[in-house]
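Read off the chains here:
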Amino acid sequence: MRVAIVGASGAVGQEFLRILAERNFPIDELLLFGSERSAGRKYNFRGKDIEVKLLKHGDDFKGVDIVFTSAGAGTSKEFAEDITRYGAVMIDNSSAFRMDDDVPLVVPECNAEDALNRPRGIIANPNCTTIMMVVVLQPLEQLSHIKRIHVSSYQSASGAGAAAMAELEQQYSEILSGKEPTVKKFPHQLAYNVIPQIDVFQPNGYTKEEMKMYNETRKIMHTDAKCSAMCVRVSSLRAHSESVWIETERPISVEEAQQAIAAAPGCTLQDDPSTLTYPMPLETAGKDDVFVGRVRKDLADENGLTFWLSGDQIRKGAALNAVQIAEYLIKVGNVK
């Protein structure tokens, strides 16, 4: 099994290395690719230093089985043909192909089988907030069809990459030192603040991030449910959280929902108000599961249910989900 990572030096690329090692992913040879800025760096994988090669057009992906790409939508679009030309499966972490009809958009807990039909050799990894939400929605959908979704996200600096995480830490340091905080990666100062904007605004007043949650949820879950989102950047370093309200065709009791979530793959229920037990990003960072708490009836909708979730954006929201897709393909013998 020959595996490649494109964008190996980024936050998600580095997480790919850790997860592939942790999960003992079957690799005979690992290739790393990056930009001119990253080329030449070396990263240790299973006791061996691997040098990052410059990503360029050509035949570098000949003989490669699986390629994890996390270098931005522009890079994915530019190099997709090079990557897939000789039969490699491209599992792409960017937004480049997510809504293309001939590219499956996959969260293994929800629609693993969609990965088997990939006419262009590309499988898209969804947006991080969408991934974490649908992992929890799937077991509830099996209880009763979800008609409407309202969600407010609390997204950490990690969602904007390693440089954004560093900027948040730098801002806190600068403010405490009496200096003017550096603002480059966010539209405003994030330290001691929340920013009700992630990605660019669309003509309907929603941001691109919010529209991703609407469109991607429908594609992944094969549903007609409508999702209205408000995506907010908060000053935590890593792991996103979401408040979610759903309306189902029939009322779902809190006990039903809790049991379904607790039994669902990829979910961990942490829900005991009597002991102040609920998920928080400080504790979900670095974990694989999506953690769920505050499950309760929606007081404004007799068919409504509301809950809180938190999960690691770089792991389940990105690298882990992609690796799980690859693991599924290997399990069913569908690589090349």
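In what follows, the accompanying structure is described. (Residues numbered from 1 in each chain as written. Predicted model: local features only at pLDDT ≥ 70, side-chain atom pairs only at ≥ 80, totals over all residues. Heavy atoms only, no water.)

### As for the pattern of salt bridges
Charged atoms that come close allow side chains of opposite charge to pair.
(1) Moving on: Under the counting rule described, the total for this entry stands at 21 salt bridges.
(2) Moving on: We note a salt bridge from E15 to R238, for which the minimum N-O separation is 3.2 Å. In this pair, E15 sits in helix α1 (residues 11–22) while R238 sits in the loop between β9 (226–233) and β10 (240–248), placing the two residues 223 residues apart along the sequence.
(3) Moving on: Classification of E15 as buried rests on a relative accessible area of 2%.
(4) Moving on: For the salt bridge of D312 with R238, the shortest nitrogen-to-oxygen distance reads 2.8 Å. Of the two residues, D312 sits in the loop between β13 (304–311) and α9 (315–331) while R238 sits in the loop between β9 and β10, which places them 74 residues apart along the sequence.
(5) Moving on: Assessed through its relative accessible area of 0%, D312 is described here as buried.
(6) Moving on: One network of salt bridges, in which partners are shared, links E15, R18, E22, R23, R238, D288, D312, R315 and E327. (Salt bridge = Lys/Arg side-chain N within 4 Å of Asp/Glu carboxyl O. Helix = DSSP H or I, 4+ residues; strand = E, 2+ residues; numbered from the N terminus. Buried < 20%, exposed > 50% of the residue type's maximum accessible area, 1.4 Å probe, protein only.)

### A closer look at the nonpolar core
(1) Moving on: Counting 54 residues, the largest nonpolar core has L137, I149, V244 and F307 as the members making the most contacts within it.
(2) Moving on: At eight residues, helix α4 (residues 128–141) tops the list of elements feeding residues into this core.
(3) Moving on: When near neighbours in sequence (up to four residues on either side) are disregarded, V244 contacts M133, L137, I149, H150, V151, L305, T306, F307 and L309.
(4) Moving on: A164, L168, A191 and A318 belong to the second largest nonpolar core, which has 44 residues in total. (Core = buried A, V, L, I, M, F, W, Y, C linked by side-chain atoms within 4.5 Å. Contact = heavy atoms within 4.5 Å.)

### Topic: the packing of α4 against helix α6 (residues 208–221)
What describes two packed helices is the angle between their axes and the distance between those same axes.
(1) Moving on: At a closest axis distance of 10 Å, the pairing of α4 and α6 adopts a crossing angle of 40°. In terms of their interaxial angle, α4 and α6 are classed as oblique. Pair α4 / α6 crosses with right-handed handedness. Where α4 approaches α6, its residues C128, T129, T130, M133, V134, L137, Q138 and E141 are matched on the opposing element by E209, K212, M213, E216, T217, I220 and M221. (Axes fitted to C-alpha atoms, helices over the stretch in contact; angles between N-to-C directions. Parallel < 35°, antiparallel > 145°, perpendicular 65-115°, else oblique. Left-handed = near helix turned anticlockwise from the far one by under 90°.)

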